[in-house]
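Okay, here's what each chain looks like letter by letter:
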Amino acid sequence: MTGPIRKIAAALLLLGVVMTLSACGGGFIGGNAKANKPLSQALVSRIAAIGSTPGAGMMVRIFKQDSQLEIWKQSSSGDYKLLTTYKICAWSGDLGPKVKEGDRQAPEGFYNITPALMNPNSGYYLSFNTGYPNKFDRSYGRTGSNLMVHGDCSSAGCYAMTDESIADIYALARESFRGGNKSVQLEIYPFRMTPENLAKVSTSPNMAFWKNIKQGYDQFELTHRPPTWDVCNRQYVFNANGPGGSPLDPTSVCPPLTRDPSLVAALEAKQASDELAYNNTVASITQKQQATADAAARQEAADASAKARGQALGSFFNNLGGGIFGGKTQPVASTPTDPTAVTAPVPETRG
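Heads up: these notes are all about the structure in this document. Once a new chain begins, its residue numbering starts again from 1 and follows that chain's sequence as written. Residues qualify for local features only when their pLDDT is at least 70, as the model is predicted, and side-chain atom pairs are given and counted only at 80 or more; totals for whole chains, interfaces and linings, by contrast, use all residues. Calculation of side-chain values draws on the structure's entire complement of heavy atoms; hydrogens and water are dropped beforehand.

## Remarks on the overall build of the protein chain
Operational definition: Only runs of H or I of at least four residues qualify as helices and only runs of E of at least two qualify as strands under DSSP, and these elements are numbered from the N terminus. Buried, partly exposed and exposed residues are distinguished by accessible area as a fraction of the type maximum, computed with a 1.4 Å probe on protein chains only: under 20%, between the cut-offs, and over 50%, respectively. Note on contacts: a residue pair qualifies if any of its non-hydrogen atoms lie within 4.5 Å across the two residues. To measure how exposed things are, a 1.4 Å probe is used in the Shrake-Rupley method; for residues, cover is taken only from the protein chains shown.
When helices and strands are tallied, the protein chain shows seven helices and twelve strands. Considering the protein chain as a whole, with its 351 residues, one finds that 36% of them fall into the buried category. Partitioning the intrachain contacts of the protein chain with sequence separation of at least 6 by distance along the chain shows that 59% fall at a separation of at least 24. Accessible area of the protein chain: about 19,800 Å², with a carbon and sulfur share of 57%.

## With respect to the side chain of Glu108
Basically, it comes down to this: The definition of a polar contact used here is a pair of N or O atoms within 3.5 Å, where within protein one atom must be able to donate a hydrogen and the other to accept one, and adjacent residues in sequence count solely through side-chain atom pairs.
Mapped onto the elements, Glu108 comes out in the loop between β4 (90-91) and β5 (109-113). Exposure remark for Glu108: the relative accessible area of 1% places this residue in the buried category. A distance of 2.6 Å separates the side chain of Glu108 from the backbone nitrogen of Gly96, its partner in a polar contact. With sequence-adjacent residues up to four places away left out, Glu108 is seen in contact with Lys64, Asp94, Leu95, Gly96, Pro97, Lys98, Ile188, Tyr189, Pro190, Phe209 and Trp210.

## Concerning empty space enclosed by the protein
Filter applied, for reference: Throughout, the protein atoms alone are placed on a 1 Å grid, and a set of points is a cavity if a 1.4 Å probe fits but cannot get out or a pocket if it is open with protein on both sides within 12 Å along at least five of seven lines; lining residues have an atom within 4 Å of a point. Grid points are joined across faces, edges and corners, and a volume is the space filled by probe spheres set on the points. When residues are sorted by character, Ala, Val, Leu, Ile, Met, Phe, Trp, Tyr, Cys and Pro go into the nonpolar class, Asp, Glu, Lys and Arg into the charged class, and all the rest, Gly among them, into the polar class.
Scanning the entire structure with this criterion turns up one cavity of 30 Å³ or more. Every residue lining the largest cavity is listed: Met58, Val60, Ile113, Met118, Phe128, Ile169, Ala173, Val184, Gln185 and Leu186. Within the residue set of the lining of the largest cavity, elements represented by two or more residues are β1 (58-63), α4 (163-178) and β10 (184-189). A total of three residues in the lining of the largest cavity trace back to one element, the largest contributor, which is β10. For the lining of the largest cavity, the per-class residue count stands at nine nonpolar, one polar and no charged.

## Points about helix α6 (residues 207-223)
Keep this limit in mind: The span one expects for a helix is its residue count, reduced by one, times 1.5 Å.
The end-to-end C-alpha separation of α6 is 24 Å, in line with the 24 Å expected for 17 residues at 1.5 Å each. Along α6, the residues classified as buried are Met207, Phe209, Trp210, Asn212, Ile213, Lys214, Gly216, Tyr217, Asp218, Gln219 and Phe220.

## Observations regarding the pairing of strand β3 (residues 80-87)
In plain terms, the rule: A strand pair is defined by DSSP finding two or more bridges across the two strands.
With seven bridges connecting them, strand β2 (residues 68-74) and β3 associate as antiparallel partners. What sits directly across from Lys73, in β3, is Lys81. From the end of β2 to the start of β3, which pair antiparallel, there are five residues, and Gly78 there has a positive phi angle of about 100°.

This is the structure in structure tokens:
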């Protein structure tokens, strides 16, 4: 091999190594049979049935409590429609956001999945990175890495799917990217953000965070379009633009924001209705808890009273029984016998 040819071969080898490393790190480069598996005919038919195409926009919603992952596709009207729902095999931790590396907690919040976060060479069949920590997470100094949605049905801080499910999800995202979409919005919630579900966890320290992400949830419910999101004052803001449309500073006070007035009015009306339902449900839950506590206290008092009566009766009958059957009696005095006395004979009676 001549010098120039050797150099070209070395350059090609180096390029291949770089491409492979990028893919292992989550880059949407190259691929394999798994990553390039065509969409199933069932999915293609379902996509057409909701008025969408494989290359149309896509959104993913995850609900921890229900262990569900939803796929939404943009229809010809521009609205997003539910395509299908997958069962999550396993997710790590409890309800609530991820805080630090190693806490084995699956994240919550809003994330943008880009082609660079797709991993065709994952050790878990296929996977994509959630993008944690995002702008919001970093504003709180939260840490963590390699928080994935992946196959293999086991989790350590991630969301684990069956291999069949992740193959579908990966292919759907791939086709959306190929259709010209730059990202897929990923929304991760602890549960469906209804006032009733929030009322059940009203004392949680995560309540402020959950009410914040509920604003994005509500806006999607109202518009059926993924909300744009940004962060200022260490809070998510949705469908809002800062001065000049420039990105917001996540740790600074929010500047004057531009919003759609009609959406703001609809959101305020929904939130007022939800807040009333939330307060009523909290009051109802509190009343039920108090009634349960009162009933338990009454039962405890009744049990204690019955126990005391039982002990008193037991003591009474023990004393009574001892006196009749087992008590001491006074001895009867006897007349001393004189050993020298002579006993007179008893006369016979004749008939």
